[in-house]
Amino acid sequence: MKSNFNHNVFLFVLVMMVSCLSDVYAQRNAAPRPPNFIILMGEGQGWNSTSVQMDDTVPASKSSFIQTPNLERLAKEGMRFANAYAASPRCTPSRAALFTGKTPALLRMTFVGQGARGEADNSRKLIPPQPSLELPEAELTIADLLKSAGYATAHFGKWHVGRANPSRHGFEENDGANNNGGPENAGEPNPKQAYLTTEKGIDFIARQSKVGKPFLLQISQYAGRSEAEAKAETVEAISKRGGDARQIGAAAVAEDVDINIGLLLKKLDELGIANNTYVIYTTDHGTPGRGNGPLNNGKGSLYEGGIRVPFIIRGPGIKAGVCSHTRVASMDLLPTIAELANIKTPLPNSIEGGSLALVLRSNGKTAVKRPREEMIFHFPHYDLDNDGPASVIFLGNWKAYKSYETGELRLYDLAKDLSEKNDLAKQMPDKAAEFEKRLNDYLKAVNAQMPTTNPNFDPSKAPTDTRNNGRRNRRRN
């Protein structure tokens, strides 16, 4: 009897050991769980409009008075990019490019709404083209891509790529095709919407985590609030840090947004999914005005102040605390996410961005493979403080700026001249000619819309200060 008992105990223990080993083997050999993605887009927040030093060699690449501790945490735990660019100095084209991996020139979504074509405006030398304002439903978006791979998808906040509901572009859950005023069409949607979009995002994350479904969450912020609407204690605190009256509203909303980023990061920690979630932060264009020093100009311009923006990614396999100097752009996000999500379906040949996956998994120094070696930004419009329709081309440390009003091409070595003060085109005519040819070849290849000569132009009516070229387009976008 005792012998049988011992034999049965031995068999039971053996069966349990085999079962445990089988479970361990199965877990080790099971397919890894797909990662989650959160894309956070700030509104009109320039390269140095956070407390993160975006370039580890340039102390002025962070704000002296705006406090964004949660973005600092994100950068400390992830990788930040010193040379990151929005696809346009304006809202609509930048967002469309981020969603699709294509440039505004290819999409023909180059502006926020041209209004009158300009024939009757005799103060302008050129007539800008009429841009498309509706993202075509035929375009593949990041949400379409992940939805087809079994992801839950959501967008909350500013949409501004057309009037079609975001669900038509793959975002199953959303709060509507909102423009600057948000769901309530308010003059100043923040700070209310900054918190509401976060609440909706947290609820979405919690529900997907509960059922074990991978997700894509995209939250886009609205523009800043005015000084009068900022809390008195915030005004006083920012003033003490060195912010002037013009900057207080923008600083207040930046800090509201940062608080909400902290709430999202906290929820990921609480749910135990932070280690399997990529969190991406960037913005749609530079800060309005010329307060983007050491960068030249701001929103509405293809100079560095208008398109160089914060860009931070944290997630599995990414080295912490790295500052990458690889040149990246918002068009790179779609192919990057496709590779990080291990999506096997080939992307359309028309995608212009390149995957950053190798950059993220290395020391940040890997080059990005794109269909073209150069990167080109096309903005054929008058706007804000720009000097008229223009295009720029980047290759290595070099940047060429083509003004269509003057026909002039300016050449800058950004490694030595971040402020774009020293035009080298006349000193290096062969390089300038090479850049101009590359630029023209690209614009021709994508059939880019170009400005045309204004037959009614009266030179005596032209503004003496080219910074006022876009005075009719100063609405917030």
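It should be emphasised that the depicted structure is a prediction, and the values quoted were computed from it without experimental measurement.

**Q** Mind laying out the sheet that holds strand E10 (residues 322-324), listing which residues take part and the relevant values?
**A** In space, the 8 strands of this open sheet follow the order E6-E5-E7-E1-E8-E9-E2-E10, with mixed pairing throughout. The open sheet terminates on both sides in strands that have one partner only, identified here as strand E6 (173-174) and E10. Relative to strand E7 (residues 215-220), strand E1 (residues 36-42) is paired through 5 bridges, and the arrangement is parallel. Bridging from a neighbouring strand, Met 41 pairs with Ser 220 of E7. On the sheet, helix H2 (residues 69-77) packs against strand E2 (79-81), strand E8 (277-283) and strand E9 (311-314) and is oriented at approximately 60 degrees with respect to E9. Contacts between helix H10 (residues 333-340) and the sheet are confined to E1, E8 and E9, with E1 contributing the most and set at about 160 degrees to the helix.

**Q** A description of the sheet that holds strand E12 (residues 375-379) should follow, citing residues and the corresponding values.
**A** Strand pairing in a sheet takes place through backbone hydrogen bonds and is either antiparallel or parallel in direction. Taken together, 4 strands build an open sheet; the order of strands is E12-E13-E14-E15 and the sheet is antiparallel. What marks the edges here is a single partner per strand, and that holds for E12 and strand E15 (409-413). Across the sheet, the mean angle from the axis of one strand to that of its neighbour is 15 degrees, orientation sign disregarded. Sheet topology note: the strand E14 (residues 398-403)/E15 ladder contains 5 bridges and is antiparallel. If you follow Trp 398 over to E15, its bridge partner there is Asp 413. Packing against the sheet, helix H12 (residues 429-445) makes contact with E12, strand E13 (390-395), E14 and E15, and its axis sits at approximately 115 degrees to E13.

Rules and cut-offs
- Residues numbered from 1 in each chain as written.
- Predicted model: local features only at pLDDT ≥ 70, side-chain atom pairs only at ≥ 80, totals over all residues.
- Heavy atoms only, no water.
- Pairing = 2+ DSSP bridges.
- Helix = DSSP H or I, 4+ residues; strand = E, 2+ residues; numbered from the N terminus.
- Contact = heavy atoms within 4.5 Å.
- Axes fitted to C-alpha atoms, helices over the stretch in contact; angles between N-to-C directions.

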